[in-house]
Amino acid sequence: MKKLIATILVGSVLSVGVIADDWDDDNPAIFFSEDGADMWLEPQGPNEVSLEECDLGLGAGVVEGAYAQLPRYFEDTGKVMDLEARLVHCMVTLQGRDADEITAHPYSLSGETGTEIEALSTWIAEQSLDMPIQPPQDHDAEKAAYTLGEKLFYYRAGTHDFGCSTCHRQSNTRIRLQELANLTTADGAGAAYGSYPAYRVTQGVVRSMGWRMRDCARQQRLPEMQLGSEASVALQVYMAVNADGAPMTAPTMKR
Amino acid sequence: MHKLLLSMVVLCLASLNVFADDSAYNALMNSMKAINGVGLDRIEQDEMQAACSNPQSMIADPEESERLRQSAMAAVKKPSDGVYLGDWKRGKEIAANGKGLQYSDDQNDPNGGNCYACHQLDPDEVAYGTLGPSLTNYGMRGQSQAVLDYTWSKLWNATAWVPCSHMPRFGHNGVLTEQQLKDIMALLLDPESPVNKH
């Protein structure tokens, strides 16, 4: 029996072929990524179509390299969108699904084994592995999102007066034993932004960058940050632009 | 010439003030939902928070900075019974507890101080953060009234000493109760506290 499981595991690892060299072979994110690849092709919703015609910014159906150039402005919605917002948009417009249903429970609670958004994000980000993080800053809305993201980064509020900047504007500091990224620098923003989605060992699931935004707000004693919201997207633009072409390393494995 | 200088100063101040508009507040109001006791009122800034929300983490105008510092100091409430020191053993638990006021926390549980997130205290606790200075052996300062007043006011509202301090205003914002603050005082100042035993 053990041998059978081992064979299945080896089979799963080998089936991703080319990325096995770049990945830590022990990273369980691989299973989420495989699920995501299947979900992309699976007909769903009232329209019974897959997401294969979804435009992630590089044209309908182009997944390779798309994550590294998000968030970006989309003509069809007139908005700057991150991957998660764009996935919801495609599920609604292509598959005819209900946005509220999709966003009601986008991130796993502890003990759960992963959501559709988490699996799709993992697979899609993996298709940008090693590519430079280069979200466009051409459209006025993209520039405005960066400016807003910077303001949000320094915005202090709540019972503890915390802002993103409280923990993430200095280098070589830590909370307890957790080292903190300096998100105002290319090195710090690149390493942090490029590392998500990440398999979190302590939580047993893959966490997306949208989840990271929500969880930072929770730790700041602020209310619940919504998936694909203006503030969440603007903060991601701020980080991704600051990353200044640093390579995508996701999916990674974290504590 | 004076006029030119003046307009340059005005321009400078205006460029700093770009961080003080409503865009971040409005975006957060559009982007967040109230949940489990954490309401949208948390997004509203008080005067100190608004003045400190900039890349310099400073209040640009020194007079304004001093006015806010003094107003913070004036609002510090000293212990109602004049007793500053509680029980360091309870203080040790409060310092290690990172919970409180997050929507994931039980709103009926007492809040923690989470001191170890940023400070070294008991040297036997190796999982300490480095955003704040080490407080190991803080008690070597003794227990003079000046030390008691300084430490209490720093815990109550750190901006009474340093405007824009990154340390939460534990008393001012009601994060910790008066008794909890006394217990933290004891953790810092009691000679028997593990903070001071090495």
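Counting of residues starts from 1 at the beginning of each chain's written sequence and follows it residue by residue. The lettering of chains begins at A and the numbering of ligands begins at 1, in the order of writing. Reporting in this predicted model follows two pLDDT cut-offs: at least 70 for local features of residues, and 80 or more for side-chain atom pairs to be given and counted; totals over whole chains, interfaces and linings ignore these cut-offs and use all residues. As a rule here, side-chain values come from all non-hydrogen atoms in the structure, and water together with hydrogens is ignored.

### Topic: helix α5 (residues 116–126) of chain A
Residues and elements named next belong to chain A.
Argument step 1. Burial analysis of α5 places 11 of its 11 residues in the buried class, the great majority of the element.
Argument step 2. A simple rule labels every residue: compare its accessible area, found with a 1.4 Å probe on the protein chains alone, to the largest value its type can have, and call it buried under 20%, exposed over 50%, or partly exposed in between. Each helix corresponds to a stretch of at least 4 residues labelled H or I by DSSP, and each strand to a stretch of at least 2 residues labelled E; elements are numbered beginning at the N terminus. Along α5, the residues classified as buried are E116, I117, E118, A119, L120, S121, T122, W123, I124, A125 and E126.
Argument step 3. Residues are treated as being in contact if the distance between any of their heavy atoms lies within 4.5 Å. At its buried positions, α5 is contacted by α2 (29–41), α3 (83–93) and β6 (205–207).

### A few points about the state of the cysteines
Argument step 1. Defined by distance alone, a disulfide is two cysteine sulfur atoms within 2.5 Å. Considering all chains together, one arrives at 2 disulfides over all chains under this definition.
Argument step 2. A disulfide bridge connects A:C54 with A:C90, and the sulfur atoms are separated by 2.0 Å. With the S-S bond torsion at 75°, the cross-link from A:C54 to A:C90 turns out right-handed. Of this pair, A:C54 sits in the loop between α2 and β1 (72–74) while A:C90 is found in helix α3, placing the two residues 36 residues apart along the sequence. Across the pair, exposure class does not vary: A:C54 and A:C90 are buried alike.
Argument step 3. Each sulfur in the disulfide pair B:C52 and B:C164 lies 2.0 Å from the other. Here B:C52 and B:C164 share a disulfide; its torsion about the S-S bond, -85°, makes the bridge left-handed.

### Quick look at helix α8 (residues 186–194) of chain A
Argument step 1. When α8(A) is considered as a whole, its buried residues turn out to be A:G188, A:A189, A:G190, A:A192, A:Y193 and A:G194.
Argument step 2. Buried residues along α8(A) sit against α9 (209–219) and α10 (230–243) of chain A.

### Some thoughts on the pattern of salt bridges
Argument step 1. Throughout this description, the term salt bridge denotes a Lys or Arg side-chain nitrogen within 4 Å of a carboxyl oxygen of Asp or Glu. Taken as a whole and judged by the stated rule, the model has 18 salt bridges over all chains.
Argument step 2. The salt bridge involving A:R212 is made with A:D215; its shortest N-O contact spans 4.0 Å. Of this pair, A:R212 and A:D215 both sit in helix α9, 3 residues apart, which is roughly one turn of that helix.
Argument step 3. One continuous salt-bridge network, built from bridges that share partners, spans A:D161, B:D46 and B:R169.

### Observations concerning the interface of chain B and chain A
A common way to report how large an interface is uses the accessible area buried once the components associate.
Argument step 1. The interface is formed by 52 residues belonging to chain B together with 37 residues belonging to chain A.
Argument step 2. Defined in terms of a 1.4 Å probe, buried area is the accessible area two parts forfeit on being brought together, summed over both. A buried area of about 4000 Å², summed over both sides, lies between chain B and chain A, and 56% of it is on carbon and sulfur atoms.
Argument step 3. Summed over the three residues of chain B that lose the most area to chain A, namely B:Y103, B:L131 and B:H166, the buried surface amounts to 16% of that side.
Argument step 4. The interface formed by chain B and chain A contains 3 salt bridges.
Argument step 5. Put simply, B:E125 and A:R176 hold a salt bridge, and the shortest N to O gap is 3.6 Å.
Argument step 6. Think of a polar contact as two N or O atoms within 3.5 Å of one another; within protein, one of them needs to be a possible hydrogen donor and the other a possible acceptor, and neighboring residues in sequence only count if both atoms come from side chains. Our count for the contact surface shared by chain B and chain A stands at 30 residue pairs in polar contact (both at pLDDT 80 or more).
Argument step 7. Looking at the side of chain B that touches chain A, the elements with two or more residues in it are α2 (23–31), β1 (32–33) and α3 (47–52) of chain B.
Argument step 8. Considering each element in turn, the side of chain B that touches chain A owes the most residues, 7 residues, to α2(B).
Argument step 9. Of the residues contributing to the side of chain B that touches chain A, the split by class is 27 nonpolar, 19 polar and 6 charged. Only Asp, Glu, Lys and Arg are considered charged, only Ala, Val, Leu, Ile, Met, Phe, Trp, Tyr, Cys and Pro nonpolar, and every remaining residue, Gly among them, polar.

### Observations concerning the environment of A:A246
All names here are of chain A.
Argument step 1. Summarising the element assignment, A246 is placed in the loop between α10 and β8 (252–254).
Argument step 2. Taking the C-alpha atoms as reference points, A246 and Y193, 53 residues apart in sequence, are found 9.2 Å from one another.
Argument step 3. Ignoring anything within four residues of it in the chain, the contact list for A246 reads M131, P132, I133 and G190.

### As for the domain arrangement of chain B
All names here are of chain B.
Argument step 1. Each assigned domain of chain B is listed with its residue range as follows: domain 1 (2–64) and domain 2 (88–196).
Argument step 2. Taken together, the contact pairs 11 residues of domain 1 with 10 residues of domain 2.
Argument step 3. Surface buried jointly by domain 1 and domain 2 totals about 850 Å² across both partners, of which 55% is contributed by carbon and sulfur atoms.
Argument step 4. A salt bridge links R169 to D46, with the shortest nitrogen-to-oxygen separation between them at 3.0 Å.
Argument step 5. At the boundary of domain 1 with domain 2, the tally comes to 5 residue pairs in polar contact (both at pLDDT 80 or more).
Argument step 6. Its residues assigned to classes, the side of domain 1 that touches domain 2 comprises 6 nonpolar, 3 polar and 2 charged. Domains are outlined according to an automatic or database domain assignment.

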